[in-house]
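Examining the three-dimensional arrangement
The lines below spell out each chain.
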Amino acid sequence: MANLQNDLFIRACKRQPVERTPIWIMRQAGRYLPEYRAVRKKADFLTMCKTPELAAEVTIQPVDIIGVDAAIIFSDILVIPEAMGMHLDMIDGKGPVFQHPIKLEDDAAQLKKIEAATDLNFVLDAISLTKKELNGRVPLIGFSGAPWTLLTYMVEGQGSKSFSHVKKLIYNNPELAHKLLAMLTDAVADYLSAQIAAGADAIQIFDTWAGILSPRDYLVFALKYINQVILKLKRKGEPIIYFPKGVHNRMRITADCGADVISVDWTIDLAKARDKIGHKVAIQGNLDPTVLYAEPGFIRREARKVLESYGKGNGHIFNLGHGILPDVDPAHAKALVDFVKEESAVFHQNDVNTKVIN
Ligand code: CP3
């Protein structure tokens with residue numbers, strides 16, 4: 001971490017003083033960029049994930065084109081179940097599909113216990129190569145799906161509206177659900193530790209489906225395992241970001257999960273999130289991703305509201321409340337990044353003074 005030219009993101013994760021608010025965008029390496037689509041024409045999605053040169057190339061694109069303050073390694077959360085032996089299809093226009101989702105104990109028994117160093121070595125190689133090519137320009141974020149969100153995909157087989165299959169599992173066979181979650185917890189902790197060893201400067205854990213759980217089930221099936229993942233992680237100060245989408249009724253307890261940063265979606269005011277948990281953790285977010293469909297003037301006004309809602313002081317990382325959508329104009333993403341870079345300094349004047357005085 002010592003050799004980063006731009007370490008604003010890392011400092012903000014640690015709630016240290018910064019000159020301005022750092023910004024990156026979830027799913028920033030993706031189809032909204034023509035440069036990404038050009039690479040994607042040559043290779044299918046999983047081949048891109050498994051070819052370190054291609055993964056590194058598209059990881060760095062948004063740093064060059066949009067000017068974000070951090071890169072996130074190009075991969076997918078579903079490489080873990082794939083490595084466990086579940087055949088994954090990425091279907092254009094539909095998204096990821098497991099043809100044989102887990103239904104019974106027998107299916108669960110077939111899952112292979114994975115070792116990241118061998119089974120997911122392509123991600124680790126992509127991280128090492130990207131670090132080399134970034135040459136310290138910005139930090140590199142590694143990531144994984146959370147055990148709960150991975151379990152949801154493995155049991156549903158694909159995205160879902162009612163999540164009937166995974167709900168049936170947790171209500172009718174909680175022992176099997178916990179067994180699978182424990183197995184995923186070990187895999188995720190090992191995988192993230194290996195990403196840190198390969199050079200990741202920070203880690204984000206995506207819990208996209210945390211919000212489908214009742215407040216109590218969220219503690220039992222999601223947060224408990226996040227806690228365990230973080231305790232098991234081998235790290236030397238690399239910040240951990242937890243993104244439990246759709247969970248704002250459980251902010252206080254979420255802030256105790258061991259993460260350094262909680263990423264929030266756009267359905268909660270940052271002022272409220274900060275009021276509840278800002279003394280414990282940094283906060284990432286939370287512009288509504290669909291705001292990027294609007295004209296740049298509108299985007300700037302909405303981005304200002306996000307900055308104002310967080311208010312003055314350290315501990316804010318600007319991001320969208322969820323991933324950037326594939327049909328967004330890249331010029332609009334750039335307008336957002338430029339605005340945050342130019343206009344956020346006034347929210348940090350006291351921080352920098354404090355730094356100088358100390
Ligand atoms: O943030 C980044 O730029 C890094 C790359 C990244 C991808 N997926 C690339 C991707 C990250 C961090 C993810 C995480 C991911 N993958 C999540 C958690 C974040 C979230 O959005 O909630 C989830 C749920 C997945 C599973 C997944 N992978 C879905 C639902 C889809 C299809 C969605 C879609 O937009 O079509 C994918 C495919 C995928 N993952 C693409 C990319 C760039 C599009 C694939 C393509 O190029 O055809």
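One structure accompanies this document, and this report is about it. Source: prediction; values computed, not measured.

On a plain count of helices and strands, the protein comes out with 17 helices and nine strands. Expected size for 358 residues packed as a compact globule is a radius of gyration near 21 Å; at 19 Å, the protein falls within 12% of this value. Looking at the 358 residues of the protein, the share that counts as buried comes to 57%. Considering only contacts in the protein between residues 6 or more positions apart, those separated by 24 or more positions represent 74%. Total accessible area computed for the protein in this model is approximately 15,000 Å², and 50% of it derives from carbon and sulfur atoms. Across the protein, 43 positive and 42 negative side-chain charges occur, with their mean positions spaced 4 Å apart.

The subject of this paragraph is the site of the ligand. Not every one of the 22 residues close to the ligand is listed here, only the nearest: Arg31, Tyr36, Asp76, Thr208 and His322. The separation between an oxygen atom of the ligand and a polar main-chain atom of arginine 27 is 2.8 Å. In this structure, glutamine 28 approaches the ligand through a main-chain N or O atom, which is 3.1 Å from an oxygen atom. For the ligand, whose free accessible area comes to 870 Å², the fraction covered by protein is 89%. Residues that form the shell around the ligand fall into these classes: twelve nonpolar, six polar and four charged.

One turn of an α-helix holds 3.6 residues; hence residues three or four places apart share an orientation. Where helix 10 (residues 164–172) is concerned, the buried positions are Val166, Lys167, Leu169 and Ile170. One side of helix 10 holds all its buried residues, which, seen down the axis, span an arc of 155°. Of the exposed residues in helix 10, the ones pointing more than 90 degrees away from its buried face are Tyr171 and Asn172.

Each value, and the rule that gives it
Residues numbered from 1 in each chain as written. Predicted model: local features only at pLDDT ≥ 70, side-chain atom pairs only at ≥ 80, totals over all residues. Heavy atoms only, no water. Helix = DSSP H or I, 4+ residues; strand = E, 2+ residues; numbered from the N terminus. Rg over C-alpha atoms; globule rule 2.2 N^0.38 Å. Buried < 20%, exposed > 50% of the residue type's maximum accessible area, 1.4 Å probe, protein only. Contact = heavy atoms within 4.5 Å. Areas by Shrake-Rupley, 256 points an atom, 1.4 Å probe, with all protein chains shown as cover. Lys, Arg positive; Asp, Glu negative; His and termini not counted. Charge placed at Lys NZ, Arg CZ, Asp CG, Glu CD. Near = heavy atom within 4 Å. Polar contact = N/O pair within 3.5 Å; in protein donor to acceptor, adjacent residues only side chain to side chain. Nonpolar A, V, L, I, M, F, W, Y, C, P; charged D, E, K, R; others polar. Arc of directions from axis to C-beta.

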